[in-house]
Amino acid sequence: MSGQSGSLTNGYTYVVAPSVSSVSPNNGPVAGGTAVTITGTNFAAGATVKFGSTAATNVVVVSSTSITATTPAGSAGAVTVTVTNSGGQSGSLANGFTYIAQPTVSSVAPTNGSTAGGTAVTITGTSFATGATGDVRSTAATNVVVVNSTTITATTPAGTAGAVTVTVTVSGQSGSLTNGYTYVVVPTVSGVSPNSGSVAGGTAVTITGTNYATGATVKFGSTAATNVVVVNSTTITATTRRGVRAR
């Protein structure tokens, strides 16, 4: 063509692919809805974001190094976070965000213990994970050990008499069991009348003290009394069984 040329200024643009270096926070519930900030390079207006294969919502390109977005719903586990610019160039961060299933609490054993705390309990449920915490009526339990995804052992804190909610929290996600544990005031015994009787047993006695409750049992030494009746919180009547004469 005799060396003649024609040109189009800015007719083609070289685009640098974006990169993703971090996502904050880097975990959230499987239900989605977590507001996140994605940090990286070469972000451009019109960029889209995916968590795994699902598009994020409310995507805003704040600058070439920062994007804000809202996570979609997902399945428990880590996913790749991908930013794609309008030109089709993409950058990803493998395992950039972890979906966390909400824990559940189905039982606590034993179901009751002293108001002084210190009772070793086993909490059963689902989706427990390392770093989980346990609360009893908003007071943190101690010695929390996540045995596996369905079992936690812990020690109760001190509390006041009555039933309380037991809550397990994993990375901000919580599951609770209403009335899952009952604090019981330790009973006391201040007197027994009469305070002596036949070794053959059969003596009707009245026991005086505090904090008696329905279902209480009575022992004389290692032998259970019979006909136990909790009259009220300070009085129990019972009948002695055969015993051994004091020496």
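Everything that follows concerns the structure shown earlier in this document.
This text gives an overview of the structure that appears in the document. These numbers were taken from a predicted model, which means no experiment stands behind them. (Residues numbered from 1 in each chain as written. Predicted model: local features only at pLDDT ≥ 70, side-chain atom pairs only at ≥ 80, totals over all residues. Heavy atoms only, no water.)

### Observations concerning the overall build of the chain
At step 1: What the chain contains, in helices and strands, is zero helices and 24 strands.
At step 2: With respect to the principal axes defined by its C-alpha atoms, the chain has extents near 135 × 25 × 25 Å.
At step 3: A total of 247 residues make up the chain; the buried ones form 30% of that total.
At step 4: Counting only contacts in the chain whose residues sit at least 6 apart along the sequence, the fraction spanning at least 24 positions is 51%.
At step 5: A total accessible area of about 13,700 Å² is found for the chain, and carbon and sulfur atoms account for 53% of it. (Helix = DSSP H or I, 4+ residues; strand = E, 2+ residues; numbered from the N terminus. Buried < 20%, exposed > 50% of the residue type's maximum accessible area, 1.4 Å probe, protein only. Contact = heavy atoms within 4.5 Å. Areas by Shrake-Rupley, 256 points an atom, 1.4 Å probe, with all protein chains shown as cover.)

### Some words on the sheet that holds strand E4 (residues 48-51)
At step 1: The five strands are arranged E2-E9-E8-E4-E5 in an open sheet whose pairing can be described as mixed. What marks the edges here is a single partner per strand, and that holds for strand E2 (27-29) and strand E5 (54-55).
At step 2: Across seven bridges, strand E8 (residues 77-84) lies against strand E9 (residues 90-100) in antiparallel orientation. Bridging across to E9, Ala78 finds its partner in Thr98. (Pairing = 2+ DSSP bridges.)

### Brief notes about empty space enclosed by the protein
At step 1: Scanning the model with the defined rule gives one cavity of 30 Å³ or more in all.
At step 2: In this structure, the largest cavity spans a volume of roughly 40 Å³.
At step 3: Val121, Ile123, Gly134, Asp135, Val136, Ala141, Ala154, Thr155, Thr156, Val166 and Thr167 are the residues that line the largest cavity.
At step 4: For the lining of the largest cavity, the secondary-structure elements that each account for two or more residues are strand E12 (120-126), strand E13 (133-136), strand E16 (151-155) and strand E17 (162-170).
At step 5: With three residues, the single largest contributor to the lining of the largest cavity is E13.
At step 6: Across the lining of the largest cavity, the residue classes tally to six nonpolar, four polar and one charged. (1 Å grid on protein atoms, 1.4 Å probe; cavity = no way out; pocket = protein on both sides within 12 Å on 5 of 7 lines; lining within 4 Å. Points joined across faces, edges and corners; volume = space filled by probe spheres on them. Nonpolar A, V, L, I, M, F, W, Y, C, P; charged D, E, K, R; others polar.)

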